[in-house]
Amino acid sequence: MLKTRVMAFGAFDCLHPGHRHFLQQAKSYGHELIVVVARDVTVAAVKGHQPRQPEAERLRQVKMLPWVDRACLGEAGDKYLVIRRFQPVTPPGLVVAPL
(Lines give C-alpha, C1' and ligand atoms only; values in the text may rest on other atoms or scores of the structure.)
Protein backbone atom coordinates (compact mmCIF):
# COMPACT_ATOMS: atom_id res chain seq x y z
CA MET A 1 0.00 0.00 0.00
CA LEU A 2 1.22 3.49 -0.86
CA LYS A 3 2.05 5.54 2.23
CA THR A 4 0.86 9.12 1.93
CA ARG A 5 3.13 11.79 3.38
CA VAL A 6 1.37 15.03 4.26
CA MET A 7 3.11 18.34 4.95
CA ALA A 8 1.61 21.22 6.89
CA PHE A 9 3.18 24.67 7.14
CA GLY A 10 2.66 27.51 9.56
CA ALA A 11 4.13 29.84 12.17
CA PHE A 12 2.36 28.10 15.09
CA ASP A 13 3.11 31.09 17.30
CA CYS A 14 1.52 30.48 20.72
CA LEU A 15 0.12 27.07 19.79
CA HIS A 16 -3.64 27.10 20.37
CA PRO A 17 -6.64 24.77 19.82
CA GLY A 18 -7.08 26.02 16.23
CA HIS A 19 -3.53 24.96 15.38
CA ARG A 20 -4.10 21.58 17.02
CA HIS A 21 -7.33 21.04 15.07
CA PHE A 22 -5.64 22.05 11.80
CA LEU A 23 -2.81 19.56 12.38
CA GLN A 24 -5.19 16.76 13.38
CA GLN A 25 -7.13 17.35 10.17
CA ALA A 26 -3.90 17.41 8.14
CA LYS A 27 -2.92 14.04 9.61
CA SER A 28 -6.26 12.58 8.49
CA TYR A 29 -5.14 13.03 4.86
CA GLY A 30 -2.30 10.55 5.10
CA HIS A 31 -0.12 8.12 7.02
CA GLU A 32 2.69 10.49 7.97
CA LEU A 33 2.41 14.15 9.01
CA ILE A 34 5.42 16.41 8.62
CA VAL A 35 5.01 19.89 10.05
CA VAL A 36 7.21 22.74 8.86
CA VAL A 37 7.49 25.59 11.36
CA ALA A 38 8.28 28.99 9.85
CA ARG A 39 11.59 30.60 10.76
CA ASP A 40 11.54 33.79 12.83
CA VAL A 41 12.83 35.78 9.86
CA THR A 42 10.04 34.42 7.64
CA VAL A 43 7.35 35.25 10.19
CA ALA A 44 8.73 38.78 10.52
CA ALA A 45 8.76 39.24 6.74
CA VAL A 46 5.20 37.95 6.26
CA LYS A 47 3.52 39.41 9.35
CA GLY A 48 5.61 42.55 9.78
CA HIS A 49 6.68 41.70 13.33
CA GLN A 50 8.69 39.10 15.19
CA PRO A 51 6.83 36.08 16.53
CA ARG A 52 6.05 36.09 20.25
CA GLN A 53 7.87 32.80 20.69
CA PRO A 54 11.26 31.98 19.16
CA GLU A 55 11.37 29.35 16.42
CA ALA A 56 13.02 26.73 18.65
CA GLU A 57 10.16 26.94 21.17
CA ARG A 58 7.49 26.84 18.48
CA LEU A 59 9.18 23.77 16.96
CA ARG A 60 9.44 22.07 20.37
CA GLN A 61 5.72 22.55 21.02
CA VAL A 62 4.71 21.20 17.61
CA LYS A 63 6.95 18.13 18.03
CA MET A 64 5.13 17.27 21.27
CA LEU A 65 1.77 16.82 19.54
CA PRO A 66 0.92 13.12 19.28
CA TRP A 67 -0.30 13.23 15.67
CA VAL A 68 2.86 14.95 14.37
CA ASP A 69 5.30 12.34 13.03
CA ARG A 70 8.07 14.78 12.16
CA ALA A 71 8.59 18.50 12.53
CA CYS A 72 11.33 20.77 11.28
CA LEU A 73 12.10 24.42 10.70
CA GLY A 74 11.49 25.88 7.27
CA GLU A 75 14.31 27.05 5.05
CA ALA A 76 15.12 30.75 5.26
CA GLY A 77 16.58 30.90 1.74
CA ASP A 78 15.12 28.31 -0.62
CA LYS A 79 11.61 27.88 0.74
CA TYR A 80 10.97 24.88 -1.54
CA LEU A 81 13.99 22.89 -0.31
CA VAL A 82 12.03 21.34 2.56
CA ILE A 83 9.34 20.17 0.12
CA ARG A 84 11.93 18.60 -2.17
CA ARG A 85 13.61 16.95 0.84
CA PHE A 86 10.46 15.23 2.14
CA GLN A 87 8.58 14.84 -1.17
CA PRO A 88 4.97 14.73 -0.01
CA VAL A 89 2.43 12.99 -2.20
CA THR A 90 0.21 15.60 -3.86
CA PRO A 91 -2.69 16.09 -4.01
CA PRO A 92 -3.83 16.17 -1.19
CA GLY A 93 -0.41 15.75 0.46
CA LEU A 94 0.38 19.45 0.72
CA VAL A 95 -1.56 21.35 3.37
CA VAL A 96 -0.81 25.02 3.87
CA ALA A 97 -1.75 27.23 6.80
CA PRO A 98 -1.53 30.99 6.54
CA LEU A 99 1.21 32.45 8.68
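Worth saying up front: this structure is predicted, and the values here are computed from it rather than measured.

A. Local environment of the environment of Gln24. Note that Gln24 resides in helix α1 (residues 17-27). Since its relative accessible area comes to 39%, Gln24 is described here as partly exposed. Sequence separation between Gln24 and Val68 is 44 residues; the distance between their C-alpha atoms is 8.3 Å.

B. Broad picture of the pattern of salt bridges. Under the criterion given, the structure shown has nine salt bridges. When the shortest N-O distance is used, the salt bridge between Lys27 and Asp69 registers 2.5 Å. Linking Lys27 in helix α1 with Asp69 in the loop between α3 (55-63) and β3 (70-73), this pair joins segments that are 42 residues apart in sequence. Among the ionic pairs, Arg39 bridges to Glu55, the shortest N-O distance being 3.0 Å.

C. The arrangement of the pairing of strand β1 (residues 5-10) in detail. Counting buried positions along β1 gives five out of six residues, so the element sits mostly inside the fold. Here β1 runs beside strand β2 (residues 32-37); their pairing, made up of six bridges, is parallel. Residue pairing for β2: Ala8 is matched across the bridge by Val35. For the crossover from β1 across α1 to β2, the handedness is right-handed.

D. The arrangement of the nonpolar core in detail. Phe12, Leu23, Leu33, Val35, Val37, Val62 and Val68 are the most contacted members of the largest nonpolar core, which has 16 residues in total. For this core, the elements supplying multiple residues, two or more each, are β1, α1, β2, α3 and β3. In terms of residue count, β2 provides more of this core than any other element does, three residues in total. What Leu33 contacts, discounting residues up to four positions off in sequence, is Val6, Ala8, Leu23, Ala26, Lys27, Trp67, Val68, Asp69 and Arg70. Formed by seven residues, the second largest nonpolar core is a distinct cluster that contains Met7, Phe9, Cys72 and Val82.

About the cut-offs
- Residues numbered from 1 in each chain as written.
- Predicted model: local features only at pLDDT ≥ 70, side-chain atom pairs only at ≥ 80, totals over all residues.
- Heavy atoms only, no water.
- Helix = DSSP H or I, 4+ residues; strand = E, 2+ residues; numbered from the N terminus.
- Buried < 20%, exposed > 50% of the residue type's maximum accessible area, 1.4 Å probe, protein only.
- Salt bridge = Lys/Arg side-chain N within 4 Å of Asp/Glu carboxyl O.
- Pairing = 2+ DSSP bridges.
- Right-handed = clockwise from strand over helix to strand, strands pointing away.
- Core = buried A, V, L, I, M, F, W, Y, C linked by side-chain atoms within 4.5 Å.
- Contact = heavy atoms within 4.5 Å.

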